[in-house]
Each structure stands twice: as C-alpha cells, then as structure tokens.
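Observations on the three-dimensional arrangement
If you want the building blocks of each chain, they are given just below.
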Amino acid sequence: MQSMIPDYLDQVLHDVASNTSGELADYIPELAVAEPERSGAVFATVDGRVYGAGDIDTEFTIQSISKPFAYALALDDSGFDTVLAKVGVEPSGEAFNEISLERGTGRPRNPMINAGAITTHALVGAGLLPPDERVDRVVRGLSAFAGRPLTVDAAVCASEMDNAHRNLAIAHMLRSYGILDEDPRAVVDGYVKQCSVLVTARDLAMMAATLANRGINPLTGDRVVADSVVRQVLSVMATCGMYDAAGDWATQVGIPAKSGVAGGLIGALPGQIGIATFSPRLDSHGNSVRGVALFERFSSDMGLHVMEVPAAARAVVSSNHVREAGTGALRVIQLQGGIRFAGAERIVREVVDDTPVESRVVLDLTRVSSIDDVARRMLLEIARRLTLDGSEVYLVDPEAMVPDPDPGDGGRITVVDDLEQVASRPHGTLGTLGSDGRPPTET
Ligand code: GLN
C-alpha cells in the first residue's frame, strides 16, 4: 500500500494553485525575481519521517522564519531573565517592521517583530561574541534545527544591507534606549545575514519538527535547545508569529507558526509534526497567500488546531481487583496509556473512593505508555499515604517509568518487574527497596 499523505498534500496544493493573488516581496531585487508559481508543502513527523509535495527542495531565504529559532538560541545562551529584560512577549498587533517600542522601557514588544528580532540576534552567544562569531553561532544553530549545514545567500544579504534603512533606524532607536549596547550597524548586519540563510521547505519542516519534538532534532537525535526554551518559543509563535494577523490565525488555524517574506511559512504542532509551506506571493501582512490557505486546509481537514479539545483519554485505570494469591490477598490497580494530571486524579479517586482493605496494594504500570512529572509525583504520594495507613505498596514497573521511586516522608514503595514477583511471596518477605530504588534481584 502507498501512504495517502503525499496524495493528500498533492491534492491540497492543486486546490490552492488557482489562487494567484498577492504580490512578491519587492523591497530588494533578489526577492522580486522569485518564481511566483512555485509552491510546496511538507510534513515532518517527530520521529523524522518527511512527506512532501511540490517544490520542497527549492532554496529560498529563511527571512523572518529565522526569528523564533534565533530567539530559542538567545534564550538558551543568555537565559530567560536577560532576554526578557530586553524583549517582551506581548503581541503588538502591528506590522513586522513597525518602529514601535514599549513606552517607558523602550523594550521591543516581542521577538517576532523586527525590533525584537534585531535585539534577540544580539543576545545569541550570551552577548559575549564578536559580530562575526555570533553570526556563525546563529547559522550553526539554525543548521542544528534543520539537521544539515545551512549557508547564507551572499547576494540577498548584500542587497538587504543596501536597503536596510528601516532596520538601521530601528537599531539606532534601540541603541538610544540602551536596549542595544553595541554598534547598531554591526547588529543589523548580523540580523540580515541571519535572514539570508538559505533553506528549503524540507529544511523548514524539520526545523519546525525539532520544536514539535521538544528541541530534539528528529533526524540527528541532537538536542538543540532545552524543553523550557521550546515552550517559550512556541508560545510566542502562537501569539505573535503572524504579526497583525495573529488573532485570525489563532482562531482559524490554531498552530504556532511563523512566516517569512520570501514565501516560507512554518507551523509546529507539539508532539505531532512540523509543517512547512513555500509559495512566494504575499498578502498585505507579508504572509504567503497560498501558505495561509494551505494551513487553513490542513487545520480544518485534519483537526490540527491546538485548542481542539481531544476526546477524553481512555480510562487510565483499566482494572481494580483483588487477587487471592495463596500468600494473602493483593489489591491490584492496573493502569494504562499516557498519564497526566487528569489521569492521576482518576487514580487518586479510585484509591480514595474504594480504600483497599488488603494489606498489599499493587500499582501496575506494565501497560502505561507515558507518565508526566505531576502524575509521577501524585502516584508516589498515593504510595506514601497508603504506607502511612498501614499498607505495603508495590509498583510493577518493568520499563522504569518512575525512575526515582522515593515517596519520601514515611512512605515506602517496592518496585518489581512483574506482578508474579509479588503474588508468589508472602506478605513482608519481598525485601526492601535497594539504594537504587529497585528491589534486590530475584535468584
Ligand atoms: N529581512 C526582512 C526584514 O527584516 C525579513 C522580514 C520578514 O520576513 N517578514 O525586513
């Protein structure tokens, strides 16, 4: 069988091909000569599978799509406090190149408008690198997101620099407010090089997939930035990524996104996929016309809106029964699926509403696929409270879903690989928790 996904992408590209509205960016000659009919769409999964249709290997400049990635690098290099002191996170509702700074502080409102992006560029490398090395760090960082070495288009870069009056004006304003504390021209030069990095739709999809995959590139397996940085970047993309069209985008498409004036558009769907489209004609906000139309289709055809409320997850408690083991009764609570706060609350309720009278209680995680931090802590707290109530608590956890099973404060838990290990031993003889948190090995 052939996958239906490339067929679907072909079909949607075909459907938007009749839309020839919008204009090429023409503020520099290099962008004005782009081939307007080119278009492509790519999905990259968080495990590195790429599906594409159309012009997915055509190179174009990344432009403003570099902004969220440079922001990620700045947060990783300089830390949240330093970056947030200089660049806000409020949607400006203004055009990308608006010369506006926050009243009083002079801070750019967010890192997706040029004022914020120019400041962000200067924060890559913790503000310690000379301009050339900083550009190098940016290009290497973008390459790490893409999973292949990227290069700068020298012609686009030179032309942008010749026409960078507005960005220079913004940078000089930033300098006068003390937001930038170095030569404005050198920072704009670096920012323009950052915007002139050549990418394909395939690269962009992989960059977005790295965000969707919590900062780990699905192809190379390299961690590019920390989890906490990814959350910050996706939040800012969701609120500010589409400039003055951010509200329409948030309601109609609902995917954290970023556009660029060369016609690229990316979206990152946390935990699922990175999406990229390429089509050079732009609407009045500077967003790709066909790109926006493609994303609207993807979102509605496939329910990709991040605010789409998922159906309630399968019950996490698959059974709660008493097992007569010959060695005494066991209460066995069998769990399944992915467990987050709401799932953990169901487990708590199960134990509270039907307090086990058996002296041994087993929480069986054999069929649990994932468990997040809060759910892990809640499970351990269940174990602690049951211990204080006089029960002996066992965790069947062959895959070490709970890597450090220490309930603390009077709690005790014994980890086993298999329910039979508990069933075959009489109460109190299984041994205590080893120093590694796991029980003594069976002989
Ligand atoms: N290089 C462009 C600029 O700074 C990028 C703008 C964009 O892609 N929206 O003006």
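In this text, all values refer to a predicted model and were calculated from it rather than measured experimentally.

With that settled, the discussion passes to the nonpolar core. The biggest cluster of nonpolar side chains holds 53 residues, and the ones touching the most others in it are Phe145, Leu204, Met207 and Leu211. Breaking this core down by element, the ones donating at least two residues are strand S1 (40-45), helix H3 (66-78), helix H6 (131-146), helix H10 (201-212), helix H11 (227-240), strand S6 (264-269) and strand S7 (273-278). The element best represented in this core is H10, accounting for eight residues. Those residues in contact with Phe145 that lie beyond four places of it in its chain are Phe69, Ala72, Leu73, Met206, Met207, Thr210, Leu211, Asn217, Val224 and Val225. Counting 26 residues, the second largest nonpolar core, distinct from the first, contains Val317, Leu365, Ala383 and Val402.

We now examine the side chain of Arg290. By the element assignment, Arg290 lies in helix H13 (residues 289-302). A distance of 2.9 Å separates the side chain of Arg290 from the backbone oxygen of Asn19, its partner in a polar contact. In contact with Arg290, not counting residues within four places along its chain, are Val16, Ala17, Asn19, Thr20, Pro36, Glu37, Arg38, Ser39, Ser279 and Arg281.

Sheet analysis places strand S8 (residues 317-324) next to strand S9 (residues 329-339), joined by seven bridges and oriented antiparallel. Residue pairing in the sheet places Val317 in a bridge with Leu335 of S9. The antiparallel pairing of S8 with S9 creates a hairpin that spans four residues between the two strands, and Gly326 there sits at a positive phi of about 80 degrees.

On to helix H15 (residues 373-388), then. For an α-helix the count is 3.6 residues per turn, leaving residues at separations of three or four pointing the same way. Compared with an ideal rise of 1.5 Å per residue, which puts 16 residues at 22 Å, H15 spans 23 Å between its outermost C-alpha atoms and is within 8% of the ideal. Every buried residue of H15 is listed here: Ala375, Met378, Leu379, Leu380, Ile382, Ala383, Arg384, Leu386 and Thr387. Buried residues along H15 sit against S9, helix H14 (341-353), strand S10 (360-371) and strand S11 (392-396).

On to the site of the ligand, then. Taken together, Tyr27, Gln63, Ser64, Phe96, Asn114, Glu160, Asn167, Tyr191, Cys195, Tyr243, Gly260 and Val261 make up all the residues around the ligand. One nitrogen or oxygen atom from the side chain of Ser64 is found 2.6 Å from an oxygen atom belonging to the ligand. Residue Glu160 places a side-chain N or O atom 3.3 Å away from a nitrogen atom belonging to the ligand. Protein contacts shield 96% of the accessible area of the ligand, which totals 300 Å² for the unbound molecule. A breakdown of the residues in the shell around the ligand according to their chemical character gives six nonpolar, five polar and one charged.

Quick look at the pattern of salt bridges now. Scanning all chains against the criterion turns up 26 salt bridges. Where Arg223 meets Asp227, a salt bridge forms, and the shortest distance between an N and an O atom there is 3.1 Å. As a salt-bridge pair, Glu358 and Arg331 come within 3.0 Å of each other at their nearest N and O atoms. Here Glu358, found in the loop between H14 and S10, pairs with Arg331, found in strand S9; they are 27 residues apart in sequence, far enough to count as distant. The same class applies to Glu358 and to Arg331, which are both buried. Where salt bridges share partners, they join Asp15, Arg297 and Asp301 into one cluster.

A word on the sheet that holds S6. Read across the open sheet, the five strands follow the order S2-S1-S7-S6-S5; overall the sheet is antiparallel. Where the open sheet ends on each side, the last strands, each with one partner, are strand S2 (50-54) and strand S5 (257-259). Each neighbouring strand pair of the sheet contributes to a mean axis angle of 10 degrees, computed without reference to strand direction. With six bridges connecting them, S1 and S7 associate as antiparallel partners. Each residue of the ladder has a partner; that of Thr45, found in S7, is Ile273. In the packing of helix H1 (residues 5-16) onto the sheet, contacts are made with S1 and S2, and the angle to S2 comes to roughly 30 degrees. Sitting on the sheet, H13 touches S1, S6 and S7, and the angle it makes with S7 is about 145 degrees.

What follows deals with the packing of H3 against H6. Running from N to C, H3 and H6 cross one another at 110 degrees; their axes reach a closest spacing of 10 Å. Comparing their axes, H6 and H3 come out roughly perpendicular. Along the contact surface, H3 presents Ser66, Phe69, Ala72, Leu73 and Asp77, while H6 presents Arg137, Val138, Gly141, Leu142 and Phe145. Partitioning the contact of H3 with H6 into residue classes produces six nonpolar, two polar and two charged.

Within the secondary structure, Ser143 sits in helix H6. Under the relative-accessibility criterion, Ser143 is labelled buried at 11%. Residues in contact with Ser143, not counting those within four places in the same chain, are Arg148, Pro149 and Leu150.

Bringing the pairing of S7 into the picture now. Of all six residues making up S7, six are buried, and the element is well covered by its neighbours. Side chains Ile273, Ile275 and Thr277 of S7 all project onto a buried face; the interleaved residues Gly274, Ala276 and Phe278 project onto the opposite face, where all are buried too. In this structure, S6 lies alongside S7, joined through six bridges in antiparallel fashion. Note that in S7 the partner of Ala268 across the bridge is Gly274. The turn joining S6 and S7, which pair antiparallel and follow one another in sequence, is formed by three residues; a positive phi near 80 degrees is taken by Gly271.

Reading across the sheet, the five strands line up as S8-S9-S10-S11-S12 and stay open at both edges, with mixed pairing between neighbours. With partners counted over all chains shown, the strands left at the sheet margins are S8 and strand S12 (414-416), one partner each. Adjacent strand axes in the sheet meet at a mean angle of 20 degrees, parallel and antiparallel pairs treated alike. Helix-sheet contacts for H14 involve S8 and S9, and the interaxial angle to S9 is about 165 degrees.

Reading the values: the criteria
- Residues numbered from 1 in each chain as written.
- Predicted model: local features only at pLDDT ≥ 70, side-chain atom pairs only at ≥ 80, totals over all residues.
- Heavy atoms only, no water.
- Core = buried A, V, L, I, M, F, W, Y, C linked by side-chain atoms within 4.5 Å.
- Buried < 20%, exposed > 50% of the residue type's maximum accessible area, 1.4 Å probe, protein only.
- Helix = DSSP H or I, 4+ residues; strand = E, 2+ residues; numbered from the N terminus.
- Contact = heavy atoms within 4.5 Å.
- Polar contact = N/O pair within 3.5 Å; in protein donor to acceptor, adjacent residues only side chain to side chain.
- Pairing = 2+ DSSP bridges.
- Expected span 1.5 Å × (residues − 1).
- Near = heavy atom within 4 Å.
- Areas by Shrake-Rupley, 256 points an atom, 1.4 Å probe, with all protein chains shown as cover.
- Nonpolar A, V, L, I, M, F, W, Y, C, P; charged D, E, K, R; others polar.
- Salt bridge = Lys/Arg side-chain N within 4 Å of Asp/Glu carboxyl O.
- Axes fitted to C-alpha atoms, helices over the stretch in contact; angles between N-to-C directions.
- Parallel < 35°, antiparallel > 145°, perpendicular 65-115°, else oblique.

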